Protein chains: 2
Amino acid sequence: MSDIDLIIQRLELRGHRVTQSRRRVLDAVLAQPAHFTVDDVLRATRAPRRRQPPVGRATAFRTIRLLLDLNVLCRILLDDGTLHYRLSTRGHHHHLVCRDCGRVEDFTQCDVEPLVRELAEAMEYDIDAHWLEVYGRCRACRQPTKEPARVR
Amino acid sequence: MSDIDLIIQRLELRGHRVTQSRRRVLDAVLAQPAHFTVDDVLRATRAPRRRQPPVGRATAFRTIRLLLDLNVLCRILLDDGTLHYRLSTRGHHHHLVCRDCGRVEDFTQCDVEPLVRELAEAMEYDIDAHWLEVYGRCRACRQPTKEPARVR
DNA sequence: TGACAACTGATACTAGGTCTCACTACACTG
DNA sequence: CAGTGTAGTGAGACCTAGTATCAGTTGTCA
Ligand SMILES: [Mn+2]
Ligand SMILES: [Mn+2]
Ligand SMILES: [Zn+2]
Ligand SMILES: [Zn+2]
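Here goes a summary of the coordinates provided. Along every chain, residues carry numbers that run from 1 in the direction the sequence is written. As they are written, the chains are lettered A onward and the ligands numbered 1 onward, keeping that order. Local features are withheld for residues below a pLDDT of 70 in this predicted model, meaning they are given only at 70 or higher, and side-chain atom pairs are given and counted only at 80 or more; totals for whole chains, interfaces and linings count all residues. Just so you know, side-chain values use all the structure's heavy atoms and leave hydrogens and water out.

Before going further, it helps to spend a moment on the relation of the copies chain B and chain A. Least squares is the method used to superpose the copies, on C-alpha atoms of residues holding a pLDDT of at least 70 in both. When chain B is brought onto chain A, the operation consists of a screw motion whose angular component is 179° and whose axial shift is 0.0 Å, with 0.1 Å RMSD remaining. What the rotation and shift describe, once combined, is the action of a two-fold rotation axis. Using C-alpha coordinates, one finds that chain B approaches the rotation axis most closely at L132(B), a distance of 2.2 Å. The contact criterion used throughout is that any non-hydrogen atoms of two residues lie within 4.5 Å. Of the interface residues in chain B, 97% have counterparts in chain A that sit at the interface too, so the contact is made through matching surfaces.

So, in structure tokens, the structure goes:
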């Protein structure tokens, strides 16, 4: 079963309609590089070679929000402060982002849970959420010899 | 030496002029609760009891940015995704935010450094930055008996 | 096949922030 | 203490990333 069918299945399972507009947004999302903004997606639905009509801006935002709720997408906080979106199947996880090529690694293992528990104890807080993003340069981008393939 | 004098000293040290507008923004910043937005500060410079003229919006944003560069302020990412500002003397640190009363604890100890180093090794990344915010409820806010003092 | 709710998209609006540019006021120089 | 050049200011336009409104459309199910 293809990616798009799996996502459509998840939509239907939650009682959401699978409309033409949502299909168009999904197509555009699946055609994106490692991560993207909502306007990247919107622009993609407007790409000249697409014969289908473009979706409205509100619908693009609404659909991305829906996909976020369904855990089809996750959000990445880039180091410049902008939020990007990315396909994701997992639940809670973190990102390691290469600031040169934009590559992203998800990580759940090597986790901050023990650290957070320790903090909870020390501060007497009841901790229920955290946000962690890590920035650096991947191996390929440190290689001075070959030009790194820009992931986005 | 008062807080404001220390900040002014830091401004002068870096070759910035200490203007009336900057003083007004500083006054407003020092009068804020635990954390605040730029518009909170802007509103404060416009408070009716202040006899001084209010600062322009662009100047408020420029001054906050400058104070951020001088490490007089730090940014806090709230769990609703909004950015707030907060007085800070330290360099790199993280925040533990109570989502009920808005109280914030800075933490540097109990750090993520080892975790980040481990990640760097495993992923072969050259890591140079990270962002961590933790959300929960402080002890006072878990106390059902007394109404918690809302910090902001 | 119709009814009805879910969905759409144009458009207005918001928050948070930057840019431009003519004007002002610091702070040093003599 | 006056003169001068540059840093800083503020009005306002503009920008990005969204949300709200609402009349019209479409998908679903009886
Ligand atoms: Mn992810
Ligand atoms: Mn802080
Ligand atoms: Zn890279
Ligand atoms: Zn609290």
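On we go.
Here the focus is the coordination of the manganese ion (ligand 1). Residues and elements named next belong to chain A. Distances up to 2.8 Å from the metal define which N, O and S atoms are donors, and 3.2 Å serves for Na, K and Ca; water is absent from the atom set, so sites may look incomplete. Donor atoms from the polypeptide that coordinate the manganese ion (ligand 1) comprise C74 (SG), H93 (NE2) and H95 (NE2), at 2.0 to 2.4 Å from the metal. Each donor residue of the manganese ion (ligand 1) lies on the same chain, and together they follow the pattern C-x18-H-x1-H. With C74 in strand 1 (residues 73–77) and H93 in the loop between strand 2 (83–87) and strand 3 (94–98), the pair connects residues that are 19 residues apart, well separated along the chain. Runs of H or I in DSSP of at least four residues are treated as helices and runs of E of at least two as strands, each being numbered from the N terminus.

We now examine the nonpolar core. By convention a nonpolar core is built from buried Ala, Val, Leu, Ile, Met, Phe, Trp, Tyr and Cys residues, the set being connected through side-chain atoms within 4.5 Å. The classification of residues rests on relative accessible area computed with a 1.4 Å probe and restricted to protein chains. Under 20% of the type maximum is buried, over 50% is exposed, and intermediate values are partly exposed. Counting 30 residues, the largest nonpolar core has L96(A), I127(A), V134(A), L96(B), I127(B) and V134(B) as its most contacted members. Those elements giving two or more residues to this core turn out to be strand 3, helix 5 (113–123) and strand 5 (126–137) of chain A together with strand 3 (94–98), helix 5 (113–123) and strand 5 (126–137) of chain B.

Near DNA strand D, the surroundings consist of 19 residues, among which R57(A), F61(A), T19(B), R22(B) and R62(B) are the closest. Each polar contact in these results corresponds to two N or O atoms within 3.5 Å; when the atoms are within protein, one needs to be able to donate a hydrogen and the other to accept it, and residues that are neighboring in sequence are counted only if both atoms are side-chain atoms. At 2.9 Å from a phosphate oxygen of DNA strand D is found a side-chain nitrogen or oxygen belonging to T59(B). Listing elements by their share of the surface near DNA strand D, those giving two or more residues are helix 4 (57–69) of chain A together with helix 2 (20–30) and helix 4 (57–69) of chain B. The dominant element in the surface near DNA strand D, judged by the number of residues it contributes, is helix 4 of chain A, at five residues. Of the residues contributing to the surface near DNA strand D, the split by class is five nonpolar, six polar and eight charged. Near residues are defined by distance, with any heavy atom within 4 Å of the molecule or strand qualifying the residue. The residue classification treats Ala, Val, Leu, Ile, Met, Phe, Trp, Tyr, Cys and Pro as nonpolar and Asp, Glu, Lys and Arg as charged. All others, Gly included, are polar.

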